[in-house]
2 protein chains.
Amino acid sequence: MRNIKLSIKYDGSRYKGWQKLGKTDMTIQTKIENVLSKMTGENIELIGSGRTDAGVHAICQVANFKTSTTMSLQSMLDYMYKYLPEDIVVFDIEEVNERFHSRYNAKSKKYVYKIWNDKYHNPFFRKYYEHIDKQLDIQLMRQGASFLIGEHDFSSFKSSKSQKKSSIRTIYSIDIQKEDCLIYITIHGNGFLHNMVRIIVGTLIEVGLSIKKPEDVKYILEKKDRSLAGPTASAKGLYLLDVEY
Amino acid sequence: MRNIKLSIKYDGSRYKGWQKLGKTDMTIQTKIENVLSKMTGENIELIGSGRTDAGVHAICQVANFKTSTTMSLQSMLDYMYKYLPEDIVVFDIEEVNERFHSRYNAKSKKYVYKIWNDKYHNPFFRKYYEHIDKQLDIQLMRQGASFLIGEHDFSSFKSSKSQKKSSIRTIYSIDIQKEDCLIYITIHGNGFLHNMVRIIVGTLIEVGLSIKKPEDVKYILEKKDRSLAGPTASAKGLYLLDVEY
């Protein structure tokens, strides 16, 4: 069997997330599996690097599948480009070692969270940026974020639905940039719990609005209590940026 | 009567253009007039700086209306922000001299045309950028554009539906910038005929693809024949950027 690795970009607005889900075909995984199954005449199972929730986007999601097809990689790419909905684009394809597994082999991931920080919302960004109408202080946000760097138990920053055994993860960096009204929060870590990025962002937004102090982030982390952290920031601002192997 | 000037941003994707049109309420003018009429209890007529076609966007459109309301400017702005659809945002308001007229007093306008120039389309830009899948040579496009600068008869670059008496306009500048796969064509002129920007862009795209030579633009301009120019570029890439008074 050939093992094929895909790099995928998607606008998650219309979808119920990455993961196959009951009878709906409105998940990214289902849309791609259906096209791949039709393309190969096989029953394709697509393994993603991890789930993205409903409404979350991907600048680069990685997935792989096994197939016996003899099609060239370029033909597969062209076929997917032709038949996938226009909000899902497979932009790179590679044949990999048969043992490569998108989820198990992922060493680290990067997410970016995009905020439009202006009194009025921006009509062009309403599906792609979180809108915060009060001025965020990014110096305070950077101070708050610094307490999260390193290996920690992130129990305070996971949804109650999270089913992972361990809540210990390592965050390598949190970079916060502002250009005019645009704020980009880029988080790099070895793995993320359910809603972890969105709860971190929701907490940093409260720090940026002076609802919380930067050092509160340290306290919240230590207490391992979800109720102390900020709200879960909305899905539309979140993008899976990269998966490293 | 007070004379109120508005600065407006809109995502034109859903609309049949700026101008009031028969019975449909899906025009930008109608949406804003309806909110203003409800706000003031008067029958408001909104004068735009000019029409934008179906699907064309505005980063800054200017319009004005007369009213006897005693409401503060800030209250009007807040009211419009609350009741307009989320793809139309009035972001600035000003009380102006009673003789100010958005269309008659406009001295010049700027448009920007946005192109995503990559083999595959970008799922996030599909409503906001024209997609050109072959590499555009922007040096050739700049050479072609140079022939359009100055006062000319732009008959070759207007739609047959154009009803303006004179086809003579002045283009002050055409600036073409590329950053990775993004191309921005910014055109500044004293006025534009129907579809003029889109036909200029359609022609420059053919120059960038070497379908036409840069010096063909000079010939097309001189011949005053619409059939010689390139196709009308799609509406979704076009933005009214600024109106100067």
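For every chain, the first residue of its written sequence is number 1, and the numbers climb from 1 along that sequence. Here chains are named by letter from A upward and ligands by number from 1 upward, in the order in which they appear as written. Two thresholds apply to this predicted model, a pLDDT of at least 70 for residue-level local features and 80 or more for giving and counting side-chain atom pairs, whereas whole-chain, interface and lining totals are computed over all residues. Only hydrogens and water are set aside; all other atoms, that is, all heavy atoms of the structure, feed into the side-chain values.

This part covers the nonpolar core. As used here, the term nonpolar core means buried Ala, Val, Leu, Ile, Met, Phe, Trp, Tyr and Cys residues forming a set that is joined through side-chain atoms within 4.5 Å. A 1.4 Å probe rolled over the protein chains alone gives each residue an accessible area, and that area as a share of the maximum for its type sets the label: buried under 20%, exposed over 50%, partly exposed in between. Counting residues in each nonpolar core, the largest one holds 67 residues, and the members touching the most others are A:L6, A:I32, A:F157 and A:I185. Going along the chain from the N terminus, every DSSP run of H or I of four or more residues is numbered as a helix, and every run of E of two or more is numbered as a strand. Broken down by element, this core gets its largest block of residues, eight residues, from helix 4 (residues 196-208) of chain A. Domains are outlined according to an automatic or database domain assignment. In terms of domain composition, this core takes at least three residues from each of domain 1 (2-96) and domain 2 (108-244) of chain A. Those residues in contact with A:I185 that sit more than four places away from it in its chain are A:Y111, A:V112, A:Y113, A:I115, A:M141, A:I174, A:D175, A:I176 and A:V201. By size, the runner-up hydrophobic cluster in this structure holds 65 residues, among which are B:V56, B:I200, B:V217 and B:L238. Residues are treated as being in contact if the distance between any of their heavy atoms lies within 4.5 Å.

Right, let's talk about the interface of chain A and chain B for a bit. On the side of chain B, 26 residues touch chain A, which itself brings 26 residues to the contact. By buried area we mean how much accessible surface two parts lose on assembly, using a 1.4 Å probe and totalling the loss over both. Summing the contributions of chain A and of chain B, the shared interface buries around 2,200 Å²; its carbon and sulfur component is 62%. A side-chain nitrogen of Lys or Arg and a carboxyl oxygen of Asp or Glu constitute a salt bridge if their distance falls within 4 Å. On inspection of chain A and its partner chain B, the count reaches six salt bridges. Residues A:R126 and B:D11 are paired through a salt bridge, measuring 3.0 Å at the closest nitrogen-oxygen approach.

Residues and elements named next belong to chain A. Each assigned domain of chain A is listed here: domain 1 (2-96) and domain 2 (108-244). The distance between the C-alpha centroids of domain 1 and domain 2 comes to 28 Å. Residue-level contacts link 16 residues of domain 1 with 16 residues of domain 2. One can count one salt bridge joining domain 1 with domain 2. As a salt-bridge pair, R198 and D53 come within 3.7 Å of each other at their nearest N and O atoms. We call two N or O atoms a polar contact when they sit within 3.5 Å, provided that within protein one can donate a hydrogen and the other can accept it, with sequence-adjacent residues counted only if both atoms are side-chain atoms. For the pair domain 1 and domain 2, the number of links is nine residue pairs in polar contact (both at pLDDT 80 or more). Here the nonpolar group is Ala, Val, Leu, Ile, Met, Phe, Trp, Tyr, Cys and Pro; Asp, Glu, Lys and Arg are the charged ones; every other residue, Gly included, is treated as polar. Taken together, the residues of the side of domain 1 that touches domain 2 sort by class into six nonpolar, seven polar and three charged.

Below, the discussion takes up the environment of B:M26. Residues and elements named next belong to chain B. Within the secondary structure, M26 is located in the loop between strand 1 (2-10) and helix 1 (28-40). Note: C-alpha distance between M26 and D175 (149 residues apart in sequence) is 33 Å. For M26, the contacting residues outside a window of four places in its chain are R14, Y15, K16, G17 and K31.

All names here are of chain B. Within the sequence span of helix 2 (residues 73-83), burial applies to M76, L77 and M80. One face of helix 2 carries all of its buried residues, which in axial projection span an arc of 100°. Contacts made by the buried residues of helix 2 are with strand 1, helix 1, strand 3 (57-67) and strand 4 (88-96). Relevant arc is that of directions from the helix axis to the C-beta atoms, nothing else.

Residue and element names in this part refer to chain A. Axes, fitted as lines to C-alpha atoms, cover a helix only where it is in contact. Angles between the N-to-C directions of the axes lie from 0 to 180 degrees. Where helix 3 (residues 138-146) meets helix 4, the closest approach of the two axes is 8 Å, and the angle between their N-to-C directions is 135°. One element, helix 3, and the other, helix 4, form an angle in the oblique class. Crossing angle aside, the handedness with which helix 3 passes helix 4 is right-handed. Across the interface between the two elements, L140, M141, G144 and A145 of helix 3 pack against L204, I205, V207 and G208 of helix 4. Tallied by class, the residues present in the contact of helix 3 with helix 4 amount to six nonpolar, two polar and no charged. Roughly parallel means an angle under 35 degrees; roughly antiparallel, over 145; roughly perpendicular, 65 to 115; everything else is oblique. Left-handed is the label given to a crossing in which the near helix is rotated counterclockwise from the far helix by less than a right angle, and right-handed is the label when the rotation is clockwise.

Residue and element names in this part refer to chain B. We note that D180 has phi near 50°; this positive angle belongs to a residue other than glycine. Judged by relative accessible area, which is 72%, D180 ranks as exposed. Of note in the backbone geometry, K224 takes a positive phi value of approximately 50° without being a glycine. If you trace the backbone, K224 turns up in the loop between helix 5 (216-223) and strand 10 (238-244).

Quick look at the side chain of B:S102 now. Residue and element names in this part refer to chain B. Here S102 shows up in the loop between strand 4 and strand 5 (108-117). S102 gets classed as buried once you look at its relative accessible area, which sits at 0%. For S102, the side chain forms a polar contact with the side chain of N64, separated by 2.6 Å.

Moving on: the UniProt feature "domain: Pseudouridine synthase I TruA alpha/beta" (unreviewed entry) in chain A. In the numbering used here, UniProt assigns the feature "domain: Pseudouridine synthase I TruA alpha/beta" (unreviewed entry) to residues 8-105 and 148-245 of chain A. Spanning residues 148-245 of chain A, this segment combines 21% helix with 32% strand, and its end C-alpha atoms are found 23 Å apart. UniProt positions are given in the numbering used here, feature names are shortened, and annotations may be inferred rather than shown by experiment.

This part covers the UniProt feature "binding site: substrate" (unreviewed entry) in chain A. Residue and element names in this part refer to chain A. In this numbering, the UniProt entry assigns the feature "binding site: substrate" (unreviewed entry) to Y111. Tracing the backbone through its elements, the reader meets Y111 in strand 5 (residues 108-117). Sequence-distant contacts of Y111, that is, excluding residues within four places in its chain, are made with R51, I185, T186, I187, F192, V197, L238, Y239, L240 and L241.

Another aspect to go through is the packing of aromatic side chains. The pairing test for Phe, Tyr and Trp rings, Trp by its six-membered ring, is centres within 6.5 Å, and the orientation test on the planes gives stacked under 30 degrees, edge-to-face over 60, and tilted for anything in between. Taken as a whole and judged by the stated rule, the model has 22 aromatic pairs over all chains. Taking the ring centre of A:Y239 as reference, the NZ or CZ of A:K114 above it sits at 4.3 Å. Consider the ring centre and the ring normal. A charge sits over the ring if Lys NZ or Arg CZ is within 6 Å of that centre and within 35 degrees of that normal.

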